[in-house]
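# Structural features, examined
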There are 2 protein chains.
Amino acid sequence: MNTAIECIPCFVRQAAEAVEMSVEDKIGKEHLLRRLLAEIAESDWSVMPVKIAQMIQRTVRNETGQSDPYRALKDLMNRTALDLLPVLTDTMRLQQNPLDAVTRLAIAGNLLDAGAKTRLDPNDLQKHLNTIWDAPMAGSPEDLFRAANKADRILYLADNAGEIVFDRLLIEALPTSKITVAVRGLPVINDATLIDAKTAGITQIVPVIANGSDAPGTLIEECSKEFRSYFNNADLIISKGQGNYETLSDMPGNIFFLLTVKCPMIAADIGAPIGSLVVKRGKNNKS
Amino acid sequence: MNTAIECIPCFVRQAAEAVEMSVEDKIGKEHLLRRLLAEIAESDWSVMPVKIAQMIQRTVRNETGQSDPYRALKDLMNRTALDLLPVLTDTMRLQQNPLDAVTRLAIAGNLLDAGAKTRLDPNDLQKHLNTIWDAPMAGSPEDLFRAANKADRILYLADNAGEIVFDRLLIEALPTSKITVAVRGLPVINDATLIDAKTAGITQIVPVIANGSDAPGTLIEECSKEFRSYFNNADLIISKGQGNYETLSDMPGNIFFLLTVKCPMIAADIGAPIGSLVVKRGKNNKS
């Protein structure tokens, strides 16, 4: 997916949020946001949205000297998700179809996305999560589980902190022994890194690798050799979230995309309305 | 009210919307939006938000040669409001307190605001309007009607197209013979001008003047001598919408502000949460 005119206000909103989180004084905030506006105005808009988001976050980190401005938010998201976990696990077990239920929870966790426009306040999260069991879903969890049972080597691409707590439940429901989880190589927005995988308890159940990149998505050419080797050798990729979808949706291979649709551009591309839970095979899937 | 860091993403969203509405080709859209981003980055942020919004809309009009890019949207908003009018008038008459009901309708019409973040799709409007009769309201319509009965010369500052159709009902419920309505002097965003007052049938019941300005609010110093004379001689000003609130909230005088709260900055300033219906005396009211 390439950047559209409609993406530009979203970049500016992300830039303003990053400025709020990394600069304390009003003059400093203004100075940095002006710089980011100018940078967006002058940047190449023919690239994927993730590239522009990456540029913005790099500038924020370089200019403020803060390597991880979203750390406090990510900790809050992880804590909130962990606090909700017991109740949600109980509710999940009451659902008729357990595979459908655990997939729904892992996808709905994607709403814990500080980078997205329709993100939820942690306080609203529990209320929202009560609605996910009956929410419309594009695609079929059964297809995902069938593909996972058939596969030998599964690479699970995590998306955000908080959300990753719910990913653990899905990973436990899938054939766990085949799975490796990949997280971002460096902090970017609220995307999960190794520390979040550890907090979510995922490092205790499967191997976790960092992808070597600071893009809020998966730009294969920027990822480490180790990550590329896992990616190329996997016979099933499970990709969480909009950032990974944007960057991988045109790739060939056996990829399942799991995400909550949060923007009109993704909605149009994927053919499902905003708010949908999606579990869909990649367009270029040959299998 | 002055511009805050939080206003900047909103300006960019407004700019992108104006670009979408006034330029057809992708290259032209991109060129104009880049220019607007640079203009926002370099502009004075110590002014009222309305000044920056005015600058953006001026640039769009100058660069595209379109004097009224929102005309089609305003026509749609007027039509939608006129279509809903008979049903809403019937529902309004079923309410226990007629003054409260007509005030609610005039304020809720303010959601027909293409410039605001939480604007409603015309199709969602009827659904929303069914909820307004019981929605929480900050302030008292009774105070407004009491002030109107006491006043001799009332100046009613309209806000947007569409909304102005519902203003007519409130104007008819107030002491109509004392009222003059003012609209914007030139098209800006979806704000009402003379043609909208005519479409709403307001010119048939009260005198209507244009304020001489292209600001999406009321910047007194930019308004015509005629408008200023009406403004200074009125012993009650009824001010609709956020743009008029932003620009007049610190003014002395007998002003009532009627608006739907649509942004966090206004919410904080006015002390009522987003989504509230507000009918409030100005802070510096001496009467």
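Residues numbered from 1 in each chain as written. Chains lettered and ligands numbered in written order. Predicted model: local features only at pLDDT ≥ 70, side-chain atom pairs only at ≥ 80, totals over all residues. Heavy atoms only, no water.

Another point: the overall build of chain A. Within chain A, the regular secondary structure consists of 12 helices and 7 strands. Against the compact-globule benchmark of 19 Å for 287 residues, chain A has a radius of gyration of 18 Å, which places it among compact chains. Burial status across chain A gives 60% buried among its 287 residues. The contacts in chain A between residues at least 6 apart in sequence include a share of 71% that link residues at least 24 apart. Carbon together with sulfur atoms contributes 52% to the accessible area of chain A, which is approximately 11500 Å² in total. Between the averaged position of the 31 positive side-chain charges in chain A and that of its 36 negative side-chain charges there is a distance of 3 Å. (Helix = DSSP H or I, 4+ residues; strand = E, 2+ residues; numbered from the N terminus. Rg over C-alpha atoms; globule rule 2.2 N^0.38 Å. Buried < 20%, exposed > 50% of the residue type's maximum accessible area, 1.4 Å probe, protein only. Contact = heavy atoms within 4.5 Å. Areas by Shrake-Rupley, 256 points an atom, 1.4 Å probe, with all protein chains shown as cover. Lys, Arg positive; Asp, Glu negative; His and termini not counted. Charge placed at Lys NZ, Arg CZ, Asp CG, Glu CD.)

Three- or four-residue spacings in an α-helix give side chains the same orientation, since the helix completes a turn every 3.6 residues. With 16 residues, helix H1 (residues 7-22) of chain A ought to run about 22 Å at 1.5 Å a step, and its terminal C-alpha atoms sit 23 Å apart, in line with that. Burial analysis of H1 of chain A places 13 of its 16 residues in the buried class, the great majority of the element. (Expected span 1.5 Å × (residues − 1).)

Next up on the list: the sheet that holds strand E6 (residues 255-260) of chain A. Residue and element names in this part refer to chain A. Judged by pairing direction, the sheet is mixed, and its 7 strands sit side by side in the order E1-E7-E6-E5-E2-E3-E4 without closing on themselves. Looking at which strands have only one partner, the edges of the open sheet turn out to be strand E1 (137-139) and strand E4 (208-210). Direction aside, neighbouring strands of the sheet carry axes that sit 15° apart on average. With 4 bridges connecting them, strand E2 (residues 154-157) and strand E3 (residues 179-183) associate as parallel partners. Bridge pairing in E3 places tyrosine 156 opposite valine 181. (Pairing = 2+ DSSP bridges. Axes fitted to C-alpha atoms, helices over the stretch in contact; angles between N-to-C directions.)

When chain B is fitted onto chain A, the two copies agree to an RMSD of 0.0 Å after a turn of 180° and an axial shift of 0.0 Å. Here the two chains are linked by the operation of a two-fold rotation axis. Among all residues of chain B, the one whose C-alpha sits closest to the rotation axis is alanine 38 of chain B, at a distance of 2.8 Å. Residue by residue, 100% of the interface of chain B is reproduced at the interface of chain A, so both copies engage with the same surface. (Least-squares fit on C-alpha atoms with pLDDT ≥ 70 in both.)

Moving on, we get to the domain arrangement of chain A. Residues and elements named next belong to chain A. Per the domain assignment, the segments making up chain A are domain 1 (7-64) and domain 2 (71-281). Summarising the inter-unit geometry, the C-alpha centres of domain 1 and domain 2 are found 25 Å apart. At the interface, 15 residues of domain 1 touch 20 residues of domain 2. Buried area between domain 1 and domain 2, both sides added, is near 1300 Å², and the carbon and sulfur share of it is 56%. Among the residues domain 1 hides against domain 2, the three largest losses belong to Met48, Val50 and Gln54. Together they make up 35% of the total. At the boundary of domain 1 with domain 2, the tally comes to 4 salt bridges. Between aspartate 214 and arginine 61 there is a salt bridge; the shortest N-O distance is 2.8 Å. (Domains from an automatic or database assignment. Buried area = accessible area lost by both parts, 1.4 Å probe. Salt bridge = Lys/Arg side-chain N within 4 Å of Asp/Glu carboxyl O.)

On to the interface of chain B and chain A. With 20 residues of chain B at the interface, the matching set in chain A holds 20 residues. Counting each side, the surface lost to burial between chain B and chain A is near 1800 Å², with a carbon and sulfur contribution of 74%. In terms of surface lost to chain A, no three residues of chain B exceed Ile5, Arg34 and Trp45 of chain B, which account for 32% of the buried area on that side. Summed over the shared surface of chain B and chain A, the result is 0 salt bridges. For the pair chain B and chain A, the interface holds 4 residue pairs in polar contact (both at pLDDT 80 or more). Of all the elements in the fold, those that place two or more residues in the side of chain B that touches chain A are helix H1 (7-22) and helix H2 (26-42) of chain B. Per-element accounting of the side of chain B that touches chain A gives the leading share, 9 residues, to H2 of chain B. (Polar contact = N/O pair within 3.5 Å; in protein donor to acceptor, adjacent residues only side chain to side chain.)

All right, on to the packing of aromatic side chains then. How two aromatic rings sit relative to each other is set out by the distance from centre to centre and by the angle between their planes. For the structure on display, the rule yields 4 aromatic pairs over all chains. When the ring of phenylalanine 227 of chain A is compared with that of phenylalanine 231 of chain A, the centres are 5.9 Å apart and the planes differ by 35°; the resulting orientation is tilted. In this pair, phenylalanine 227 of chain A and phenylalanine 231 of chain A are both assigned in helix H10 (residues 225-233), 4 residues apart and thus about one turn of the helix distant. In this structure, phenylalanine 227 of chain A and phenylalanine 231 of chain A share a single accessibility class: buried. In this structure, arginine 34 of chain A is placed above the aromatic ring of tryptophan 45 of chain B, and the distance from its NZ or CZ to the ring centre is 4.1 Å. (Phe/Tyr/Trp six-rings, centres within 6.5 Å; stacked < 30°, edge-to-face > 60°. Lys NZ or Arg CZ within 6 Å of the ring centre and 35° of its normal.)

All names here are of chain B. In terms of burial, strand E3 (residues 179-183) is a largely internal element, 5 of the 5 residues being buried. Burial of the side chains of E3 extends over both faces: Ile179, Val181 and Val183 are buried on one face and Thr180 and Ala182 on the other. The β-α-β motif built from strand E2 (residues 154-157), the intervening helix H8 (residues 163-173) and the parallel element E3 has right-handed crossover chirality. The pairing of E3 with strand E4 (residues 208-210) spans 3 bridges and is parallel. (Right-handed = clockwise from strand over helix to strand, strands pointing away.)

Moving on, we come to the nonpolar core. Of all hydrophobic cores here, the largest spans 52 residues; its most connected members are Leu37 of chain A together with Leu37 of chain B. Those residues in contact with leucine 37 of chain A that sit more than four places away from it in its chain are Val12 of chain A together with Ile8, Val12, Leu37, Ile40, Ala41 and Trp45 of chain B. (Core = buried A, V, L, I, M, F, W, Y, C linked by side-chain atoms within 4.5 Å.)

Residues and elements named next belong to chain B. Read from one edge of the open sheet, 7 strands run E1-E7-E6-E5-E2-E3-E4, paired in mixed fashion. Two strands in the sheet have a free side with no partner beyond their single neighbour: strand E1 (137-139) and E4. If you compare each strand with its neighbour and ignore which way they point, the axes differ by 15° on average. Along the sheet, helix H10 (residues 225-233) contacts E2, E3, E4 and strand E5 (236-240); its crossing angle with E2, the most-contacted strand, is approximately 125°. Here helix H11 (residues 241-248) sits on the sheet in contact with E2, E5 and strand E6 (255-260), set at roughly 140° to E6.

This paragraph deals with the pairing of strand E7 (residues 277-281) of chain B. Residue and element names in this part refer to chain B. Here E1 runs beside E7; their pairing, made up of 3 bridges, is parallel. Bridge pairing in E7 links alanine 138 to valine 278. Pairing of E6 with E7, which is carried by 5 bridges, proceeds in the antiparallel orientation. Pairing of phenylalanine 256 across the sheet is with arginine 281, part of E7.

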